[in-house]
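What the coordinates show
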Amino acid sequence: MYFEHDITLHFRHRNAREIAQLTGCRIRTANLSLLYPDGTKALDGLSFEIGPGERIAIIGPNGAGKSSLSLVLSGVIMPTQGEVFIGDLRLEKKNLPEI
């Protein structure tokens, strides 16, 4: 399986920026944390908002959590704590097909 790790998110074969421009939705996280089963803390209390059409860059050293953030935002893995919203929908396994 191939995952994109450069934070270009894809939902139903469109990237997050295109979706935002078409629908006016935003991507928002609130107190996002991710702890892997081996105890590695990948994300810790991350909160941000990406507005419609806004471009962002996620930068940081190896092990900073960039890939983990991409996996959480795309719904591949669920956060240990916190929430992700795509538009008004809370990202959950049960509603991934809607997003």
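Here is a short report on the structure shown in this document. (Residues numbered from 1 in each chain as written. Predicted model: local features only at pLDDT ≥ 70, side-chain atom pairs only at ≥ 80, totals over all residues. Heavy atoms only, no water.)

Notes on the pattern of salt bridges
- One pass over the full model with this rule turns up five salt bridges.
- Close ionic contact of Glu83 with Arg90 constitutes a salt bridge, the shortest N to O distance being 3.0 Å.
- When its relative accessible area of 30% is taken as the criterion, Glu83 is described as partly exposed.
- The partner of Glu92 in a salt bridge is Arg90, with the nearest N and O atoms 2.6 Å apart. (Salt bridge = Lys/Arg side-chain N within 4 Å of Asp/Glu carboxyl O. Buried < 20%, exposed > 50% of the residue type's maximum accessible area, 1.4 Å probe, protein only.)

Re the environment of Leu35
- Its place among the elements puts Leu35 in strand β3 (residues 27-35).
- In this structure, the C-alpha to C-alpha distance between Leu35 and Pro79, residues 44 residues apart in sequence, is 7.7 Å.
- Contacts of Leu35, omitting those with residues within four sequence positions, involve Thr40, Lys41 and Thr80. (Helix = DSSP H or I, 4+ residues; strand = E, 2+ residues; numbered from the N terminus. Contact = heavy atoms within 4.5 Å.)

Things to note about the pairing of strand β4 (residues 41-50)
- Where β3 meets β4, six bridges bridge the pair, whose relative direction is antiparallel. Pairing of Ile27 across the sheet is with Ile50, part of β4.
- As consecutive antiparallel partners, β3 and β4 are separated by five residues, and within that stretch Gly39 has a phi angle of approximately 95°, a positive value. (Pairing = 2+ DSSP bridges.)

Read these as layout, nothing more, since geometry by itself doesn't imply function.
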